[in-house]
Amino acid sequence: MFRFVARSAGGKHLLRRGYATESAPDRKVAVLGAAGGIGQPLALLMKLNPLVSRLALYDIANTPGVAADVCHVNTRSEVSGYLGQALEGCDVVVIPAGVPRKPGMTRDDLFNINAGIVKGLCAAIAKYCPNALVNMISNPVNSTVPIAAEVFKKAGTYDEKKLFGVTTLDVVRAKTFYAGKAKVNVADVNVPVVGGHAGITILPLFSHATPKANLPEDDIKALTKRTQDGGTEVVEAKAGKGSATLSMAYAGALFADACLKGLNGVPDVVECSFVQSTVTELPFFASKVRLGKNGVEEVLGLGPLSDYEKEGLEKLKPELKASIEKGINFANKS
Ligand code: NAD
Ligand code: LMR
């Protein structure tokens, strides 16, 4: 088993919320699928995060090169590249392992390959770092999160507060598209996105968007459709060379950072995520979630919806339910 460890010179960053790097808690983050299109820029972004003290990179191939490269960045964390076990002592595990879409495919078309990959990785998480927060990026998220839950249940380690489907890219897109249409500063924009992470299951709540812009209904419908089709827009533009990687690495790094802040006790950390939920009758659902020292501190409700959003919510439920059940059945049969 190859093991590569390098300590980089510690950069002296001041954290945004008060304490200096030297006094920040020891936090180990693993990226599984670290040599991939998402994994590499995500590894870099996590190396830049001063909340991370140990960064473990794992992939089935090319990990030593990625680790050797990233470890030269002069920030706090020690980087390890493992082709074996990366997970012991992890606080947060981010999973972008698995195949991406090609034009003409749905995310569900990835199920047959990615379900097995996720199942294997989650079995290892249950064994080596059962207390870690798991950030699932691998598609189809609507099914891979339920698969992870079943694997953890079988292992006796399931804690619904610690399992997250990463839907941050939907929020990132909704913010970008809304800012463009409403002609407001994108840095000031907030838009919750609820439901799931595939096609019509992605439901941006533009009625909650701030700053308020009173956009006409046609604009809201066009923004909703563009957010729902954002992944496909990138898949088609890449023309067979994969799906969103850079924007996803950014979104994945934002979400992992929010998890770390919650673990470190920073108050009022709220992000959208696909989690176990009672917000609707579905067992998993994406909505705003308050993050804390144990992961999910509170799953927030939807609040008032426009008629268009109410309709979208009812339309998405059958597809999301079927994807969740497909994941659960896979995990229990195989
Ligand atoms: P990629 O093919 O570039 O990289 C995937 C990496 O996973 C490869 O390096 C591969 O070697 C590795 N891998 C495969 N099996 C593994 C295993 N068992 N253990 C560890 N690593 C393994 O793909 P990508 O563009 O990085 O996309 C990865 C996944 O993320 C895809 O399923 C894609 O659909 C998904 N994705 C999700 C979102 C989201 O918003 N949640 C956004 C973009 C992409
Ligand atoms: C995305 O939203 O970009 C990802 O889910 C990748 C994809 O297949 O669209």
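Just above sits the structure.
Everything quoted here is computed from the prediction, not taken from an experiment. (Residues numbered from 1 in each chain as written. Chains lettered and ligands numbered in written order. Predicted model: local features only at pLDDT ≥ 70, side-chain atom pairs only at ≥ 80, totals over all residues. Heavy atoms only, no water.)

1. Considerations on the overall build of the protein chain
The helix and strand tally for the protein chain stands at nine helices and twelve strands. Its C-alpha radius of gyration of 19 Å places the protein chain within 12% of the 20 Å reference for a compact globule of 334 residues. Considered along the principal axes of its C-alpha atoms, the protein chain spans approximately 55 × 45 × 40 Å. Across the 334 residues that make up the protein chain, the buried fraction comes to 54%. In the protein chain, 71% of the contacts between residues at least 6 apart in sequence involve partners at least 24 apart. For the protein chain, the computed accessible surface area is about 14300 Å², with 53% contributed by carbon and sulfur atoms. (Helix = DSSP H or I, 4+ residues; strand = E, 2+ residues; numbered from the N terminus. Rg over C-alpha atoms; globule rule 2.2 N^0.38 Å. Buried < 20%, exposed > 50% of the residue type's maximum accessible area, 1.4 Å probe, protein only. Contact = heavy atoms within 4.5 Å. Areas by Shrake-Rupley, 256 points an atom, 1.4 Å probe, with all protein chains shown as cover.)

2. So, the packing of helix H3 (residues 111–128) against helix H9 (residues 307–333)
With their axes 11 Å apart at the nearest point, H3 and H9 run at an angle of 60° to one another. It follows from the interaxial angle that H3 and H9 lie oblique. Helix-helix and strand crossings are classified by hand; for H3 and H9 the assignment is right-handed. Seen from H3, the contacting residues are Phe111, Ala115, Gly116 and Lys119; seen from H9, they are Lys326, Gly327, Phe330 and Ala331. (Axes fitted to C-alpha atoms, helices over the stretch in contact; angles between N-to-C directions. Parallel < 35°, antiparallel > 145°, perpendicular 65-115°, else oblique. Left-handed = near helix turned anticlockwise from the far one by under 90°.)

3. Here's the deal with the pattern of salt bridges
Counted according to the given criterion, the structure contains 14 salt bridges. The closest approach of N and O atoms between arginine 54 and aspartate 26, which form a salt bridge, is 3.0 Å. Here arginine 54 is found in strand E3 (residues 54–58), whereas its partner aspartate 26 is found in the loop between strand E1 (3–7) and strand E2 (28–32), with 28 residues between them in sequence. Given a relative accessible area of 29%, arginine 54 falls into the partly exposed group. Ionic pairing is found between lysine 225 and aspartate 229, a salt bridge with its closest N-O pair at 2.5 Å. Salt bridges sharing common partners tie together Asp268, Arg290 and Glu298. (Salt bridge = Lys/Arg side-chain N within 4 Å of Asp/Glu carboxyl O.)

4. Overview of the packing of aromatic side chains
The full count for this structure, using the stated rule, is four aromatic pairs. Measuring from ring centre to ring centre gives 5.5 Å for phenylalanine 111 and phenylalanine 330, while their planes differ by 90°; the resulting arrangement is edge-to-face. Here the residue phenylalanine 111 occupies a position in helix H3, and phenylalanine 330 occupies one in helix H9, the gap between them amounting to 219 residues. Take phenylalanine 111: its relative accessible area is 4%, and that puts it in the buried class. One residue, arginine 226, lies across the ring of phenylalanine 177, its end atom 3.9 Å from the ring centre. (Phe/Tyr/Trp six-rings, centres within 6.5 Å; stacked < 30°, edge-to-face > 60°. Lys NZ or Arg CZ within 6 Å of the ring centre and 35° of its normal.)

5. A word on the site of ligand 1
Close to ligand 1 lie 28 residues; Gly37, Ile38, Asp59, Val99 and Asn139 are nearest. Here an oxygen atom of ligand 1 and a side-chain polar atom of asparagine 114 are 3.1 Å apart. Protein burial of ligand 1: of its 870 Å² of free accessible surface, 85% is covered by the chains. When residues in the shell around ligand 1 are grouped by element, the largest group, three residues, is from H3. Of the residues assigned to the shell around ligand 1, the class counts are 17 nonpolar, ten polar and one charged. (Near = heavy atom within 4 Å. Polar contact = N/O pair within 3.5 Å; in protein donor to acceptor, adjacent residues only side chain to side chain. Nonpolar A, V, L, I, M, F, W, Y, C, P; charged D, E, K, R; others polar.)

6. A few points about helix H6 (residues 217–228)
Residues three or four positions apart in an α-helix share a direction because the helix packs 3.6 residues into each turn. A rise of 1.5 Å per residue sets the reference length of H6, with its twelve residues, at 16 Å; its end C-alpha atoms lie 16 Å apart and thus fit the reference within 8%. Residues of H6 that are buried include every one of Ile220, Leu223, Thr224, Thr227 and Gln228, and no others. Relative to the axis of H6, the buried residues are bounded by an arc of 130° and lie together on one face. Exposed and facing more than 90 degrees away from the buried side of H6 are Asp218 and Lys225. In the core, the buried residues of H6 are packed alongside helix H5 (168–182), strand E9 (202–204), helix H7 (230–238) and H9. (Expected span 1.5 Å × (residues − 1). Arc of directions from axis to C-beta.)

7. As for unusual backbone geometry
Put simply, asparagine 139 and proline 140 share a cis peptide bond, and its omega is -5°. Counting through the fold element by element, proline 140 comes out in the loop between strand E6 (133–136) and helix H4 (141–155). For the peptide bond that leads from threonine 210 to proline 211, omega is -10°, which places it in the cis range. Its place among the elements puts proline 211 in the loop between E9 and H6. Phi angles above zero are rare outside glycine, and lysine 183 is one such case at about 55°. Relative to the helices and strands, lysine 183 is located in the loop between H5 and strand E8 (193–195). Backbone geometry at alanine 239 places phi at a positive 50°, although glycine is not the residue there. Its relative accessible area of 57% is what places alanine 239 among the exposed residues.

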